[in-house]
Amino acid sequence: LEVAWLFLEGGAPIVVTESRSLVGDAPLATASALTQLPLTVLVNEHTASASEIVAGALKDNCRAVLVGSRTYGKGLIQSVYELSDGSGMVITVGKYLTPN
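All of the points below concern the structure found in this document. (Residues numbered from 1 in each chain as written. Predicted model: local features only at pLDDT ≥ 70, side-chain atom pairs only at ≥ 80, totals over all residues. Heavy atoms only, no water.)

### Observations concerning the pairing of strand E4 (residues 76–82)
- As judged from the 7 bridges shared by E4 and strand E5 (residues 88–97), these two strands associate in the antiparallel manner. Each residue of the ladder has a partner; that of Val80, found in E5, is Val90.
- Connecting E4 to the next strand, E5, in antiparallel fashion are 5 residues, including Gly86 with a positive phi near 95°. (Pairing = 2+ DSSP bridges. Helix = DSSP H or I, 4+ residues; strand = E, 2+ residues; numbered from the N terminus.)

### Comments concerning the sheet that holds strand E1 (residues 16–19)
- The antiparallel open sheet is built from 3 strands, whose spatial order is E1-E5-E4. Each edge of the open sheet is held by one strand with a lone partner, namely E1 and E4. For this sheet, the mean inter-axis angle between neighbouring strands, taken without regard to orientation, is 35°. (Axes fitted to C-alpha atoms, helices over the stretch in contact; angles between N-to-C directions.)

### So, the nonpolar core
- Ala4, Leu8, Ala12, Ile14, Val15, Ala29, Leu39, Val54, Ala57, Leu58 and Ala64 together form the largest nonpolar core, which totals 11 residues.
- If you tally residues by element for this core, the top one is helix H2 (residues 50–60), at 3 residues.
- For Leu58, the contacting residues outside a window of four places in its chain are Phe7, Leu8, Val41, Arg63 and Ala64. (Core = buried A, V, L, I, M, F, W, Y, C linked by side-chain atoms within 4.5 Å. Buried < 20%, exposed > 50% of the residue type's maximum accessible area, 1.4 Å probe, protein only. Contact = heavy atoms within 4.5 Å.)

### Things to note about the layout of surface pockets
- Here the largest pocket is characterised by a volume of approximately 500 Å³.
- For the largest pocket, the lining is made up of 24 residues, of which Ser49, Glu52, Ile53, Gly73 and Gly75 are closest to its centre.
- Residue assignment for the lining of the largest pocket shows that the elements contributing at least two residues are H2, E4 and E5.
- Its residues assigned to classes, the lining of the largest pocket comprises 12 nonpolar, 7 polar and 5 charged. (1 Å grid on protein atoms, 1.4 Å probe; cavity = no way out; pocket = protein on both sides within 12 Å on 5 of 7 lines; lining within 4 Å. Points joined across faces, edges and corners; volume = space filled by probe spheres on them. Nonpolar A, V, L, I, M, F, W, Y, C, P; charged D, E, K, R; others polar.)

### A few points about the environment of Leu76
- Tracing the backbone through its elements, the reader meets Leu76 in strand E4.
- We classify Leu76 as partly exposed; its relative accessible area is 37%.
- In this structure, the C-alpha to C-alpha distance between Leu76 and Arg63, residues 13 residues apart in sequence, is 24 Å.

### What about the pattern of salt bridges?
- Counted under the stated rule, the structure contains 1 salt bridge.
- A salt bridge links Glu18 to Lys95; the shortest N-O distance between them is 3.5 Å. With Glu18 in strand E1 and Lys95 in strand E5, this pair connects stretches of sequence that are 77 residues apart.
- Glu18 gets classed as partly exposed once you look at its relative accessible area, which sits at 27%.
- Residue classification places Lys95 among the partly exposed residues on the basis of a relative accessible area of 36%. (Salt bridge = Lys/Arg side-chain N within 4 Å of Asp/Glu carboxyl O.)

Here it is as structure tokens:
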């Protein structure tokens, strides 16, 4: 979130989280962007997780053009649970969505 805040004007949404029980409010940029210059963000199949959130926020808020190829991520929020026998289980509990 902090990287996206550097390039977005106050009030711009960054990411929306959605789960079975609710759709979360999007965190908003809180200050002025460091620059008003046009931005280009390079993405490819190795772009994932937080970098996808930043790229999506900049694109959806008309602050950057994305150049490259499709990104890696699935936008999933997962929780890891340890079981009594020492093994573990990963459960998808939600997903990240771009602001628009």
